[in-house]
Amino acid sequence: MKIYFASSRLALKNPETWVAGIADAGFDGWEISMDGWFHGVEDIAIRFPGIRNVLAETGLESSIHLPLSGLNLASLNEDIWSTTVNQLSACIAHAAEFSDVVTLHPGYLEPNGREATSAAWNNHKEALVRLSDAAKGAGVALCLENMPNLEDFYCRDPYELAGFADAVPGVSLTFDVGHANTNQNLDAFCKVILPRADHMHIHDNYGKYDEHLPLGKGSIDWKKVLPKIKAEYHGRIMVVEGRNPAEGKVSLDMLREWF
């Protein structure tokens, strides 16, 4: 099992100032967040050279988390929806340079979407169809992620997440353990999603907020959860999401006892 590190908190910082700490902590790789520093497709040419340098200098492997801020797969605003699909498709194509797996956040209901839920649902599904085609063309696995307890977001329920994957050929799943804990349905996610997951995010919290705490510093019963993961997770990468590499090492040390 390869164990990577990711930090949304550090996504705005120049990776050349902090990513070496991931290697120093003993992680195998870095999940690159294309959010934070990403403000449009033109940023790929600006930011990717620095990422290439960091990966070459550290020897870290990499995976990709697609951008999310300002984008919505379920938007009923045609311009926003088209921009979302086009930007994410371009990111998928370029992400293939660094990884054969990319994680995608689902969409959410905007105010008008709450009044037209079927239309929003159809837009979300059509976006997934187009992004799945883009991923197939790029030779990468597109993994849809479950969301934390944020009102109006899709995929907070394991059956809904599985339903989107079943409805769109080529869509795989990222199982985020911490996100499931905030929705009070971690057991159901372990039952429904864990055996199907191709990618995993792991971190702790106290069951209400998406705190990205080290394992053992929140309310998740890891003595119960980790044996299930060891027995049923068939992906090749597990990504510790943390606030910094030093805290991430706390999680890494616990995981190395199991994997």
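Quick caveat, the model's predicted, so the values are computed rather than measured.

### Overview of the packing of aromatic side chains
For step 1, the next point in the chain: A full pass over the atoms with the stated rule returns eight aromatic pairs.
For step 2, the next point in the chain: A ring pair is formed by W18 and W30, whose centres lie 6.1 Å apart and whose planes are at 80 degrees; its orientation type is edge-to-face. Of this pair, W18 sits in the loop between β1 (2-6) and α1 (20-25) while W30 sits in strand β2 (residues 29-33), and the two are twelve residues apart along the sequence.
For step 3, the next point in the chain: Ring geometry for F48 versus F98: centroids 4.9 Å apart, planes at 75 degrees, classification edge-to-face. Residue F48 is found in helix α2 (residues 42-58), and its partner F98 is found in the loop between α3 (78-95) and β4 (101-104); the two are separated by 50 residues along the sequence.

### Comments concerning unusual backbone geometry
For step 1, the next point in the chain: The backbone of Q184 sits at a positive phi, close to 60 degrees, despite the residue not being glycine.
For step 2, the next point in the chain: Of note, the phi angle at H212 is positive, near 55 degrees, even though the residue is not glycine.
For step 3, the next point in the chain: Assignment of secondary structure puts H212 in the loop between β7 (199-202) and α9 (222-232).

### Notes on the sheet that holds strand β8 (residues 237-241)
For step 1, the next point in the chain: Sheet architecture is closed into a barrel: eight strands sit in the order β1-β2-β3-β4-β5-β6-β7-β8, paired in parallel fashion. On average, each strand axis in the sheet is tilted by 30 degrees relative to the strand beside it, whichever way the strands run.
For step 2, the next point in the chain: As paired strands, β1 and β8 are joined by five bridges and run parallel to one another. By the bridge assignment for β8, I3 is matched with M238.
For step 3, the next point in the chain: Contacts from α2 reach β2 and β3 (61-65), with the element oriented near 170 degrees to β2.
For step 4, the next point in the chain: Sitting on the sheet, helix α5 (residues 117-138) touches β4, β5 (141-145) and β6 (171-176), and the angle it makes with β5 is about 145 degrees.

### Topic: the nonpolar core
For step 1, the next point in the chain: W30, F175, V177, I202 and I229 are the most contacted members of the largest nonpolar core, which totals 75 residues.
For step 2, the next point in the chain: Contact partners of F175, with chain neighbours within four places excluded, come to N146, A180, L186, F189, C190, I193, L194, A197, H199, M200 and H201.

### Examining the UniProt feature "domain: Xylose isomerase-like TIM barrel" (unreviewed entry) in the protein chain
For step 1, the next point in the chain: Mapped onto this structure's residue numbering, the UniProt feature "domain: Xylose isomerase-like TIM barrel" (unreviewed entry) falls at residues 22-257.
For step 2, the next point in the chain: Between the end C-alpha atoms of residues 22-257 there is a gap of 19 Å, over a span that is 47% helix and 14% strand.

### A short note on the pattern of salt bridges
For step 1, the next point in the chain: In total, this model carries ten salt bridges according to the counting rule given.
For step 2, the next point in the chain: As a salt-bridge pair, D100 and R236 come within 2.4 Å of each other at their nearest N and O atoms. Of this pair, D100 sits in the loop between α3 and β4 while R236 is found in the loop between α9 and β8, placing the two residues 136 residues apart along the sequence.
For step 3, the next point in the chain: Under the relative-accessibility criterion, D100 is labelled partly exposed at 40%.

### Observations regarding the packing of α3 against α5
For any two helices packed against each other, one specifies the crossing angle of their axes together with the interaxial distance.
For step 1, the next point in the chain: Viewed as axis vectors pointing N to C, α3 and α5 meet at an angle of 20 degrees, and their least axial separation amounts to 9 Å. Put simply, α3 runs roughly parallel to α5. Every pair of crossing elements has a handedness; the one defined by α3 and α5 is right-handed. Within the contact between the two elements, α3 uses W81, V85, L88, S89, I92 and A93 and α5 uses N123, E126, A127, R130, L131, A134, A135 and A138.
For step 2, the next point in the chain: Class assignment of the residues belonging to the contact of α3 with α5 gives a composition of ten nonpolar, two polar and two charged.

### Comments concerning the environment of N244
For step 1, the next point in the chain: Relative to the elements of secondary structure, N244 occurs in the loop between β8 and α10 (245-256).
For step 2, the next point in the chain: Here the side chain of N244 touches E247 through a polar contact of 2.8 Å, landing on its backbone nitrogen.

About the cut-offs
Residues numbered from 1 in each chain as written. Predicted model: local features only at pLDDT ≥ 70, side-chain atom pairs only at ≥ 80, totals over all residues. Heavy atoms only, no water. Phe/Tyr/Trp six-rings, centres within 6.5 Å; stacked < 30°, edge-to-face > 60°. Helix = DSSP H or I, 4+ residues; strand = E, 2+ residues; numbered from the N terminus. Pairing = 2+ DSSP bridges. Axes fitted to C-alpha atoms, helices over the stretch in contact; angles between N-to-C directions. Contact = heavy atoms within 4.5 Å. Core = buried A, V, L, I, M, F, W, Y, C linked by side-chain atoms within 4.5 Å. Buried < 20%, exposed > 50% of the residue type's maximum accessible area, 1.4 Å probe, protein only. UniProt positions renumbered as here; feature names shortened; annotations may be inferred. Salt bridge = Lys/Arg side-chain N within 4 Å of Asp/Glu carboxyl O. Parallel < 35°, antiparallel > 145°, perpendicular 65-115°, else oblique. Left-handed = near helix turned anticlockwise from the far one by under 90°. Nonpolar A, V, L, I, M, F, W, Y, C, P; charged D, E, K, R; others polar. Polar contact = N/O pair within 3.5 Å; in protein donor to acceptor, adjacent residues only side chain to side chain.

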